[in-house]
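Next come the chains, spelled out residue by residue.
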Amino acid sequence: MKITTELKKRKIPIVKIDKSLNEYDDKIQFPEKLEKANEMLKKVGLPKQWTSKLKYD
Amino acid sequence: MKLPRYPLASSDKMMTFEFVSEGKNRLIHKLVRYQPTNLKDLYNLAFGDKDHSTGEIDDKVISNNGDSEKVLATVVATVYAFTDKYPESWIYATGSTKARTRLYRMGISKYLNEVTSDFEILGQLGDDWEDFEGGKDYEGFLVRRKK
């Protein structure tokens, strides 16, 4: 019972690994949306309150 | 987050998550993707319904399955799982439509007290980032795990 209670309290979920999902990791979905995000990040930049020195790939 | 959420499955690298929404209408497979951007350690969160015939994600569909809070709680759970594995990561999220962005904003507002104990959250207004406040019409969100 204690274990069940503890599991319910967990914020970090227990995740089952499903290798069939591995193929998605290398796919670029929503290339337009990703491009838009990249453009926004380049234009707006990152928050000054968080940044020190960042690297562009 | 102690709210009800769906069981999660993920890829080995935990960059793709899947869960099944069990709502009033039907079972809907949902995918959450964390995609690298041009900035190191910054990922774009993409979320939508899985199209079984193509394997693609539809991020514009309105499923209307009656379980939006549970779905949102499950997406938040993926943020916990992803940042647990990649603690230095930052996550950028925005909706594919303004309505969806607003939905995300409302979800964050609703659970703000709970998640800010674990995450820093910024909202994007124009060209500026500011600490997230409820009720503001942000265009996007930036999240990182607190140390």
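For clarity, every value in this text was computed on a predicted model and none was experimentally measured.

## Some thoughts on the overall build of chain B
Looking only at helices and strands, chain B features three helices and nine strands. Counting from the amino terminus, helix and strand elements in chain B follow one another as β-β-β-β-β-α-β-α-α-β-β-β. The globule rule puts the C-alpha radius of gyration for 147 residues at 15 Å, and the 15 Å found for chain B is close to it. Seen through its principal axes, chain B has C-alpha atoms that stretch 40 × 35 × 30 Å. Here chain B, with 147 residues, has 37% of them falling under the buried criterion. Pairs at least 24 apart in sequence give 51% of the contacts found in chain B among residues at least 6 apart.

## Focus: the pairing of strand β7 (residues 119-125) of chain B
All names here are of chain B. Relative to strand β9 (residues 140-145), β7 is paired through six bridges, and the arrangement is antiparallel. Within β9, the position partnered with Phe-119 by the bridge is Arg-145. With four bridges joining them, β7 and strand β8 (residues 128-131) adopt antiparallel strand pairing. Paired with Leu-122 across the two strands is Asp-131, which belongs to β8. Counted along the chain from β7 to the antiparallel partner β8, the turn is two residues long, and its residue Gly-126 has a positive phi close to 60 degrees.

## Notes on the interface of chain A and chain B
Taken residue by residue, the interface counts 29 residues in chain A and 37 residues in chain B. Looking at the side of chain A that touches chain B, the elements with two or more residues in it are α1 (2-9), β1 (15-17), α2 (22-25) and α3 (31-44) of chain A. Tallying contributions element by element places α3(A) first for the side of chain A that touches chain B, with seven residues. As judged from the three bridges shared by β1(A) and strand β1 (residues 8-10) of chain B, these two strands associate in the parallel manner.

## Here we look at unusual backbone geometry
Residues and elements named next belong to chain B. Despite not being glycine, Met-14 has its phi angle at roughly 60 degrees, a positive value. Among the structural elements, Met-14 can be located in the loop between β1 and β2 (16-22). You can call Met-14 buried: it has 20 C-beta atoms within 10 Å.

## Structural notes on the nonpolar core
Residue and element names in this part refer to chain B. Formed by 39 residues in total, the largest nonpolar core has its most connected members in Leu-45, Ile-91, Tyr-92, Phe-141 and Leu-142. Sorting elements by how many residues they give to this core places helix α1 (residues 68-85) first, with eight residues. Beyond its immediate chain neighbours, meaning those up to four positions away, Ile-91 contacts Tyr-34, Tyr-43, Leu-45, Val-79 and Val-143.

## Considerations on the pairing of strand β4 (residues 42-50) of chain B
Regular strands place side chains that alternate from one sheet face to the opposite one. Residue and element names in this part refer to chain B. The buried fraction of β4 is high, at seven of nine residues. Sheet topology places strand β3 (residues 27-36) next to β4; seven bridges connect them, and they run antiparallel. Paired with Lys-30 across the bridge in β4 is Asp-49. Adjacent in sequence and paired antiparallel, β3 and β4 are bridged by five residues, among which Asp-41 carries a positive phi angle near 65 degrees. In the sheet, β4 pairs with strand β6 (residues 90-93) via four bridges, with the strands oriented parallel. Paired with Leu-42 across the bridge in β6 is Trp-90.

## Points about α1(B)
Since the α-helix packs 3.6 residues into each turn, any two residues three or four apart lie on the same face. When the terminal C-alpha atoms of α1(B) are compared, their 26 Å separation across 18 residues agrees well with the 26 Å that a helix rising 1.5 Å per residue should span. The set of residues buried in α1(B) consists of B:Val71, B:Leu72, B:Thr74, B:Val75, B:Val76, B:Ala77, B:Thr78, B:Val79, B:Ala81, B:Phe82 and B:Thr83.

## Some points on the environment of B:Leu3
All names here are of chain B. Checked against the element boundaries, Leu-3 lands in the segment before β1. Among the residues examined, Leu-3 registers 14 C-beta atoms within 10 Å and is labelled partly exposed. When the C-alpha atoms of Leu-3 and Glu-69 are compared, they prove to be 8.6 Å apart, with 66 residues separating the residues in sequence. Setting aside residues no more than four positions away along its own chain, Leu-3 makes contact with Glu-69 and Ala-73.

## Quick look at the confidence of the model for chain B
Mean pLDDT over chain B: 88, with 95% of residues reaching 70 or higher. If you check the scores for this complex, the pTM reads 0.87 and the ipTM reads 0.83.

Analysis parameters
- Residues numbered from 1 in each chain as written.
- Chains lettered and ligands numbered in written order.
- Predicted model: local features only at pLDDT ≥ 70, side-chain atom pairs only at ≥ 80, totals over all residues.
- Helix = DSSP H or I, 4+ residues; strand = E, 2+ residues; numbered from the N terminus.
- Rg over C-alpha atoms; globule rule 2.2 N^0.38 Å.
- Buried ≥ 20, exposed ≤ 12 C-beta atoms within 10 Å, placed from the backbone.
- Contact = placed C-beta atoms within 7 Å.
- Pairing = 2+ DSSP bridges.
- Core = buried A, V, L, I, M, F, W, Y, C linked by C-beta atoms within 7 Å.
- Expected span 1.5 Å × (residues − 1).
- pLDDT = per-residue confidence, 0-100.

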